[in-house]
Each structure stands twice: as C-alpha cells, then as structure tokens.
Amino acid sequence: MKMIPATAATLAAAAVLSLLGSSSSTMTLAQPLNEPATTFNLRRKRQVVDVDPWFQLRDKPRQDFLFELQSHDDEKTRVMEGVTTAAASELHQPANSNSEKTKRAMLYNLFDISRHLEYSMSMSFSMSMNNQRPSKHSQPSKPSAPSASTPVAAPTAVSMPTAATTTFAPTMIPMVSPITPVAMTNSPTVIPVSPITPVAETYSPTAAATAPVRVAVSNSPVMSSLTNEPGAVSPPPTTTSTTTTPMSFSATMIPTTSSSSNSSNVDCVSLGKQDAFLQTLQAYTDPSLLLNPSTPQGKAFQFMFGSSSSGTDPCANPSIAAQRYGLATLYYATTTTSSSWMNATNWLTATSECTWLGVTCNANGNVVGVKLDANNLSGSVPEEIKALPSLQTMELSRNALTGSIPTAITSLSSLTKWDVERNQLTGQAFGSPLPVSLQSYRISNNQLGGSVPDLSAASNLKELWASTNAITGTLPSSLSVMTRLESIFLYENDMIGTLPDFTNLDLERLQLQNNTLSGTIPPSLWTNTRLMDLRLDANQLTGSVPSEIGDLAAIFDLRLANNALAGTLPAEIARLSTLKFLRVNDNKFAGTIRDAFDAFTVLEYVDFSKNQFTGTLPTSVFDVPTVQILYFYENALTGTIPSNYGDSPVLRDLYIQDNLLTGMVPSITPDQLQAFTEFRLEKNDISGTMPASICALRGPNNDTDLVTLISDCAAPEIECSCCTECL
C-alpha cells in the first residue's frame, strides 16, 4: 500500500466526506505493519476531527490549525495518511441517488484540489524543517516559494472553517465531469487515486520513477529501505549516545534511482542540505555509521554541519564536499583519545581542505595527494578514502596505524602511489585487487600476511614493496609478464618455492633475501642488465654463478650470501666496478679470489668468508680508497698478510682469522689505519711480535678506536702485549 502524506487539504476532504455521508460515519483505516487499527469519527456539522489516540484538533483557529498540521510528528503523519486513504476509498463507493451523484462529483473536484495543495504544502514543510521550528503558539511564517526549476503545481485557495461557525459549509467549486480514477504515481501531477487495498506498509518504487518518495522520520534520522532498488540501504539500528546528541533531520526524501559517487543531482530544495548530503554520502558510508556520532564517520558528518563552518556547500558541489568529508573521516579515524597527530595544521578548520597539512589539490580543487608520513597517526585507514576519487598519492608511512588495508584502494582509479610502510597493519597484504593505475605499492614493515596473487592486472606497477611481513606462498609466475616492474622487495617473509622467469622484465632492484627460496638462479635473471641491487642472500639457493653476471654493469649491491651456491666465482666479477657491497659469504664457493680490484672506486664492503677459497689475499683490494670492511675468515687462504694492508685510509675491520696464513704482521706508518676498530688474525700460522705501530693504535691506556685486537699469543706464534684477547 502506498501511503500519502496528510495535509490540510486531505483533512478537508475527509471532513467533506462526513458532510456528505450519514450523521455519524465510522471508518476503520488500514494501518502500517504492526500498528493496531484505529477508528476515526467524522461527525457532520461539528468542527471536530477525532483521531484517537494520537491527534486532536478541537475548535482551532485557522492559523493554529495550519501550524498544527505543519508540526506533526511521525505518528501523526501515519494517522493522516490513513485519513487520506479512507477519503480515496469513499470515492469509489457506488452512488444510490441523484443527490448522492451530485455530492460525489463535488467530492471528486475537492479531492482533486486537495492533491494540488498537498504537494505544495509538502514542499514547504520539507524546507521549513531545515530551519528552527516556531513555538506552538507563534504565527507560522509563509512557506518559501519554490524555485523556478521545481515542478510544483500552483495551490488553489480553499476556504477553511473557523471556530465561530456551527455548520460546516465548504466553498462552492465549479462542477466538472467525474475523472476516472487511475493508479497513483509519485509524480506531483494531480491524478485521482484508485481504490487502495489495505496491505502491510512497504515501498516498491518503479525503476523508471524519478520523483522522490517522502518518508516521514522521527527526531532520529532513519533512512528508508527501498526494495529491489540498486544501492538501497536498510534502516540503520538505533544508536544511543550518552555524550553527543545526534543531529536532527527533516523528513528524508530518497530518490528512486540508485546513488553514485558523483552525486551532482541531489535535490537540496526538497531535501535540505543535511538530508541531501546524507544521501550523497551513502555511496561511501553505511548510514548507520553516518548517523552514529561516536564513529569517525559520524563525527566527520557533524563537522560538515557543525558550529565550525565547513566552508563547503554540499549542494553547490557535492563531490568537493564529499572529499572534505573523506579527509575529515581520515582525521577522526587516525586520532584517538590517547594519541593525536604531531602536526594538524589547518585540519578541520573552515579553510579549504587544499590548505590542510599534507593535502595537495589540482587546479580544479580535487584532492590528488595526501602526505602524512611520521605524523603519529594511529587507528586505521577508513574506507572513506574512496570519497577522494582523484587521489593519486597516499603516503602514510612511519606511523602507528593498525587494522587492515582498506578495500577502497581498488576504487581509486587515479591512484599511482600507496605507501603505508613501517606501521602495524594486519590482515591480507593483497586482500583487494590493485587499481590498474597503481605504479608504487609500498606496504613493507608491517604484520601483513597471505600470499602474493596474480598481479598482472596491475599492468602499470613499477614498485612492489612488501618486505618484512608474514607473507607466505610462492612467487607468482605472472610476475614475468609485468613488463613495467622496476623493483621487487619481498625480503624477510616466509616465501618458498623457486624464482620465476625474468625474461620479459628489466628490473633495477630485486631484494628477496631472508626467505626460504630454493632451486637455482634462472639464467633469465642476468638479462636484467639495469639491475642496481641484487639481494638473494639468506635463502636455500643452489647451483653456480655464471659468467653472465659480468653483464650487470650498473650494479652497486650484490649479495648472494648464506645459500648453498658452489663452484668458482667467474672472472667477469672484476667487471663490476660500480659495486659498493659485495657479499658471497656462507656458501660453498671454491677456487681463488681474483686479484682484480684495481678498477673499483666505490667499494666499501667485501665479504668472502665461510667458503672454501684457496690462494692468497688479493692485494689490490687494499688499494681501494673507499674500502671499510674486509672479511676473509674461515677459508683455506695461504701466503702472508700483504704489506699494503694499511694503505686504505678508511679501513675499519679486517678479519683474516681461521686460514692458513703465515709470516709476520707488517708494521704501518703513524698516519695509516686511523679508522681501524677491529683486527682479527687468530687461528693462523702467523708468528713474531705484534708491531708497536699496531699497539699504538690502542693508545697509552688501550682506550682508542681499536677496540678489538685478537691473535694467537703463545710462542712460537704472535707475542702480543696489547691484544684484547689471546687464543
């Protein structure tokens, strides 16, 4: 059953029904679901309308009578809807005499006019609810004139009874031919109604309907549920707050068309700003959250209409207002009672959101960037970020964010960078599909799990950074078709399996260390000649290193340590003169370490330890002016300590213990090894006495930078009085 809002016109029509009927006509009206039937008494020649138990109008002056109708609450609305329904039903009772036919024709015309007046008053009522109500005894203001674009039928003046009269005599209206009743629609066009069958109260709008359906609400705003309606929402549960009073809303009008994220057609004239904006935000937030003032969403909604002017008219530009709401929700969701932002300049002020700290907008005022790194954000990133449809970069790293990665990331079709590294996020690392536009996905240093899915749909992805999490599973083979990938950081996870094919890629950075990857290094990896850092250390890789490694002309960080790699290191490693870090320790490499470091100019860290290398220490490595760390321990190296070992001006650590070295420790000049901190040469066959120039590095009180000096101190090995430890 479709209910019709009660107005003065429908009440007048009901009164005329009583005039035309018997001296005491009684009608039982259909009630909404779960409401008891109510008896209405319409008595002739008395200015009394008894609507027991909710509503009474006894001998009211005209002005009070009108005001009483305008200030009706939700229950009064349902009662008056019943009166209108009864009047419509009375129209379709058969006429038994000419007198009855004449009365019936008059009633048709009066009911026709009442529909005109009903629509006009409903529009005025909706707009008046957005302003403060007058007191019960104040004179009501005149209804605001509708805008030129609003299709409002001009009301026809109808004479109302006064308190002084004793008979009810309506104004005479010209007779017209009776109009055949048809089904009533939502259109404001005046159409007589067909007989209404009393059924449970539901709303089933036709998909093609465009006129709004008025839904009466109480003091707490409740959205109606429209059946079979795309995007419809169920009524939110009633929420009780002991600290904040919910905002008041006018009767909500929900269009029968589905909402969209770009709600530029909201009807602010008939709805009012708050209700219209509430309708707009349903594309981003469940109404139960919007109407709960204790939630971040409810706080953000109140901010938009609070005492601090939001500075944005949701009716003038709904999308801009929505993005302001989205940012406000982000603020409230990442600020707790025990933790607030370090810097929140301009946030939640009346200034444009484009002036808020870390927010960047384009020329059209659309938010394209949010940068709040290291700003003490806590809580979780809300789904309302999808209210920022133009967002390109979101940078929230180095905060204390918890919760999961919002699924709204999928809907951000302009997003190019997502950076939430170094937080405390949980849940799935790849729980939602990545947008096609995304170029950088940085989620490292969190507590995210799950596996890496097929990411080939994110065809523009360049940076895949998901290290130091709890990601499991294997590397997907689909990585091989993501031709725009430049860097993959998946280190310090729990990944297993083998390395994928790298033939179609042109990577610059690949870091997969500290997993449980196995198998051999695929030859296709060495075709990525733009690689600058290659880290496969701390896995279970086997096989050997081919000569093609020499093609990595741009590499500065090569780490193959802590695997089970074997064979000899190819001579082509000498071509990697751009290396800064070279670590091949803790493998099963054999053969000699080629003395070919003359071309290296930026090398700092060299580690050949814990292998099966033979031969002598490479003397050219001590001539590299930048070298700081040299680890050759636990091999089978022979020969003596090179005499130029003190030539490097910044050498800090020299570990040559556990080899087969012989000879004596060479002396150094006073200006050499000034940065020396650790020198270990125990478990060799070195003999003689520790040079005084080395002991001098310990200082007169043995408290200088050389904090570690360990050797074999018993004769016939090294005699050392300044060593920190003798073995």
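Please refer to the structure placed before this passage.
Residues numbered from 1 in each chain as written. Predicted model: local features only at pLDDT ≥ 70, side-chain atom pairs only at ≥ 80, totals over all residues. Heavy atoms only, no water.

Visitor: With reference to specific residues and values, describe the state of the cysteines.
Guide: Considering all chains together, one arrives at 4 disulfides under this definition. The side chain of C695 participates in a disulfide bridge whose partner is C722; the two sulfur atoms lie 2.0 Å from each other. Because the sign of the S-S torsion sets the handedness, a value of about -70 degrees for the bond joining C695 and C722 places this disulfide among the left-handed ones. Of this pair, C695 sits in helix α10 (residues 692–695) while C722 sits in the loop between β29 (708–711) and β30 (725–726), and the two are 27 residues apart along the sequence. The exposure class assigned to C695 is buried, which follows from its relative accessible area of 17%. (Disulfide = S-S within 2.5 Å. Helix = DSSP H or I, 4+ residues; strand = E, 2+ residues; numbered from the N terminus. Buried < 20%, exposed > 50% of the residue type's maximum accessible area, 1.4 Å probe, protein only.)

Visitor: Just give me the short version of the side chain of R559, but keep the residues and values in it.
Guide: Mapped onto the elements, R559 comes out in strand β20 (residues 557–559). Within the structure, the side chain of R559 is placed 2.7 Å from the side chain of D557, a separation counted as a polar contact. Among residues more than four places away in sequence, those in contact with R559 are L534, R535, L536, D537, F581 and R583. (Polar contact = N/O pair within 3.5 Å; in protein donor to acceptor, adjacent residues only side chain to side chain. Contact = heavy atoms within 4.5 Å.)

Visitor: Break down helix α6 (residues 273–281) for me, citing the residues and quoting the values.
Guide: The element α6 is extensively covered by neighbouring structure, given that 8 of its 9 residues are classed as buried. When α6 is considered as a whole, its buried residues turn out to be Q274, D275, A276, F277, L278, Q279, T280 and L281.

Visitor: Provide a residue-level description of the sheet that holds strand β25 (residues 612–614), including the pertinent values.
Guide: Read across the sheet, 3 strands follow the order β21-β23-β25 without closing on themselves; strand pairing throughout is parallel. The strands lining the two open edges of the sheet, one partner per strand, are β21 (566–568) and β25. Across the sheet, the mean angle from the axis of one strand to that of its neighbour is 10 degrees, orientation sign disregarded. Note: β21 against strand β23 (residues 588–592), 3 bridges, orientation parallel. Bridging from a neighbouring strand, T568 pairs with A590 of β23. (Pairing = 2+ DSSP bridges. Axes fitted to C-alpha atoms, helices over the stretch in contact; angles between N-to-C directions.)

Visitor: How would you summarise the nonpolar core if you had to cite specific residues and measurements?
Guide: Residues W418, Y441, L534, F608, Y645, F679 and M690 are the most contacted members of the largest nonpolar core, which totals 130 residues. Those elements giving two or more residues to this core turn out to be α6, α8 (296–304), α9 (318–333), β8 (367–371) and α10. It is α9 that provides the largest number of residues to this core, a total of 7 residues. Dropping the residues within four chain positions of it, Y645 is found in contact with F622, L651, L654, V665, P666, I668, L673, F679 and I694. (Core = buried A, V, L, I, M, F, W, Y, C linked by side-chain atoms within 4.5 Å.)

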